[in-house]
Amino acid sequence: MDRVPILKIGDVLLVSIQGDLDDQSVLTLQEDLAERVVATGAVGVIIDITAVEIVDSFVGRMLSTIAGMSRMLDAETIVVGMRPAVAITLVELGLSLGGLRTALDLEKGIALLGRTASAPLDDLSAVGQ
Amino acid sequence: MEQLSITSNDDVVIVRQKVRAHAIDLGLSLVDQTKVVTAASELARNTLVHAGGGQACIEVVQNGMRRGLRLVFSDNGPGISDLDLALTDGWSSGGGLGLGLSGSRRLVDEFTLDSDPGRGTVVTVTKWTR
Amino acid sequence: MTVQESSSRRRIEDLMRENEDRLVDRWVEISNAPLRGRVVDSDVRRELRDLLRALLRSSESPDGGADLRGLLADLSRTRARQGFTPGETALAVFTLKEAVYELVEADGGEEVLHGYISLSRTIDELGLYTFEAYTAAREKIIADQTEQLLELSTPVVKLWDGIVAVPLVGTLDSARTQVVMEKLLQTLVDTGSEYAVIDITGVPAVDTQVAQHLLKTVMAARLMGAHCIISGIRPQIAHTIVTLGIEFGDIVTKATLADALAFALRQSGVEVVNRRRTRVSVRAEEA
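Right, let's walk through the structure included here. (Residues numbered from 1 in each chain as written. Chains lettered and ligands numbered in written order. Predicted model: local features only at pLDDT ≥ 70, side-chain atom pairs only at ≥ 80, totals over all residues. Heavy atoms only, no water.)

### What to know about the packing of helix α1 (residues 3-18) of chain C against helix α3 (residues 41-58) of chain C
All names here are of chain C. As a reminder of what qualifies: Axis definition: a line fitted to C-alpha atoms, over the contacting stretch in the case of helices. Angles run 0 to 180 degrees between N-to-C directions. In this text, helices come from DSSP runs of H or I with a minimum length of four residues, and strands from runs of E with a minimum of two, each type numbered from the N-terminal end. Put simply, angles under 35 degrees are roughly parallel, angles over 145 are roughly antiparallel, angles from 65 to 115 are roughly perpendicular, and the rest are oblique. Here a crossing is taken to be left-handed if its near helix is turned anticlockwise relative to the far helix by less than a right angle, and right-handed if that turn runs clockwise. Here, residues are in contact when the closest pair of their heavy atoms is within 4.5 Å. Amino acids outside the nonpolar list (Ala, Val, Leu, Ile, Met, Phe, Trp, Tyr, Cys, Pro) and the charged list (Asp, Glu, Lys, Arg) are all regarded as polar, and Gly is one of them.
The geometry of α1 relative to α3 is characterised by a closest axis approach of 11 Å and an angle of 150 degrees between their N-to-C directions. Taken together, the axes of α1 and α3 are roughly antiparallel relative to one another. Judged by the sense of rotation from one axis to the other, the crossing of α1 with α3 is left-handed. On the side of α1, the interface is formed by E13, M16 and R17, while α3 contributes L52, L55 and L56. Considering only residue class, the contact of α1 with α3 consists of 4 nonpolar, no polar and 2 charged.

### Some thoughts on the side chain of B:T47
Residue and element names in this part refer to chain B. To be explicit about the condition: The cut-offs for exposure are 20% and 50% of the maximum accessible area for each residue type, with area from a 1.4 Å probe on protein chains only; residues under the lower value are buried, those over the upper are exposed, and the others partly exposed.
You can see T47 is positioned in helix α2 (residues 30-51). A relative accessible area of 4% places T47 in the buried class. When sequence neighbours within four positions are dropped, the list of residues in contact with T47 reads I6, G52, G53, G54, Q55, F73, S74 and D75.

### Notes on the pattern of salt bridges
To keep it simple, the criterion reads: Note on definitions: salt bridges are taken to be side-chain nitrogens of Lys or Arg within 4 Å of carboxyl oxygens of Asp or Glu.
Under the definition given, this model contains 29 salt bridges over all chains. Across the pair A:R3 and A:D32 runs a salt bridge, and its minimum N-O distance is 2.9 Å. Here A:R3, found in the segment before β1 (6-9), pairs with A:D32, found in helix α1 (residues 23-40); they are 29 residues apart in sequence, far enough to count as distant. The class of A:R3 is exposed, set by a relative accessible area of 58%. The network of salt bridges with shared partners includes A:D20, A:D23, A:D56, B:R16, B:E42 and B:R45.

### Points about empty space enclosed by the protein
So the rule is basically this: Only protein atoms enter the calculation, which uses a 1 Å grid: trapped sets of points that fit a 1.4 Å probe without letting it out are cavities, open sets showing protein on both sides within 12 Å along at least five of seven lines are pockets, and any residue with an atom within 4 Å of a point is a lining residue. Grid points are joined across faces, edges and corners, and a volume is the space filled by probe spheres set on the points.
A full pass over the atoms with the stated rule returns 3 cavities of 30 Å³ or more. Looking at the largest cavity, its volume works out to about 120 Å³. Contributing to the lining of the largest cavity are A:I88, A:V91, A:E92, B:K35, C:Q178, C:M181, C:E182, C:H213, C:K216, C:T217 and C:A220. Counting residues per element, the ones that place at least two in the lining of the largest cavity are α3 (84-93) of chain A together with α7 (174-191) and α8 (208-224) of chain C. Top element by residues in the lining of the largest cavity is α8(C). It accounts for 4 residues. Within this model, the second largest cavity holds a volume of roughly 70 Å³. Taken together, C:W27, C:L51, C:L52, C:L55, C:L68, C:L72, C:V93, C:L96, C:I123 and C:L126 make up the full set of residues lining the second largest cavity. Contributing elements (two or more residues each) for the lining of the second largest cavity: α3, α4 (64-82), α5 (86-107) and α6 (110-152) of chain C. Here the residues of the lining of the second largest cavity are counted per class, giving 10 nonpolar, no polar and no charged.

Spelled out as structure tokens, the structure:
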């Protein structure tokens, strides 16, 4: 079974989902990500779904679960690149993905992560000095 | 008409791909393609999770000038005893989000659910071209 | 088809082949008579000769029928575009019977007469087929026009870097709203805009379905990582939305398009300063 690669850039983990994943791969990705967040102490997770043609309730739940888990592990999750057709379908399906943060593309996702993550970090470094 | 069997996670992926190919052939808009493939994914997974597997049938149907894609998911599983409850948002017997049936009903134009407790379930959905 | 039938059918087709030129001449003459000058004789002659040959070929090869149907569909399409009625189009096919009958009469043989009945059945089918092809062609034309009209009536405009707007004018039905919304969301992706303004100043009324579509678009945009602002809601529409019990929740609404733009600019960190009355300068703040 193909594993979705998880890249690490600085203190951010980047996952780019390509193609059609079967349910087992989705669950594997969810577990892998949680492990990597703990192992690397990442402050942010970016999931790029630009290439994903459909998000059904299973994948939608995976995205919400990852966001919830990483929040507990002190990392912010941002889903980037959702296609319009996918977004319309998710709304129709009744999946609100509450609590999930999104951005139009990777660049905006990283910027969003920088805005939210940098503030508390600066505060901490100020205390340290 | 294409007949597919659903016995594993891989088959769910195959159903999605076949449905997409047919939807493109039929000339459904991108949004409608996405909707019908998503519905197919939900229903195929239901067949696998609740009945341990079953059949999917994809066919192109014609109603006067309109053409449509009809998907039939059938299984010989335990069936559904309370149809109204099964179609309620958020109700789940399989540990999911409970959006499989109710959600996919909103993604298609026609939706029928026949179930015989103890015998199996047949879900038929149709998406028409605009 | 019985053996006898197919042999008599072959007989009449041979007769038609032998007299091809004469047959085509008569067919053109008969079919053009009611159209008087609305078609060019030489064009029709070419069309009908091709049809006749395809018809004669179709009984020889198993896939010859596809060729014939293709030609008939072409004929129906061109005639539909030229503004002929479906009746006139079908008549072009039916008149072949009259032309062939003259040949049958001249021959006088009984076998040819049997063949004529079989041929006549085929021609009826072909005539009905042009009817269907004609209607399909017309439907296609209408559908294309509707789509063009939708495209024309729903411009998505760029207001600022990162801010797009769609000014909606006129009555919104469910289909149109859906098209607009899909186009708006696609524009967000194409231009990388994080703000979308849906201005409904020009919309006299909305029903439940349209309001739902607006709501769904705002939610879909949010899922994509963009923000929607609805501006120009008339008092009647506000009343409708409240009466229908549609939950607009935390959606940002502004009185006018200008207010919406100002809000979007402020949110994206752009400050508009009025300096010395006439000069307006813009400064982007670092986010």
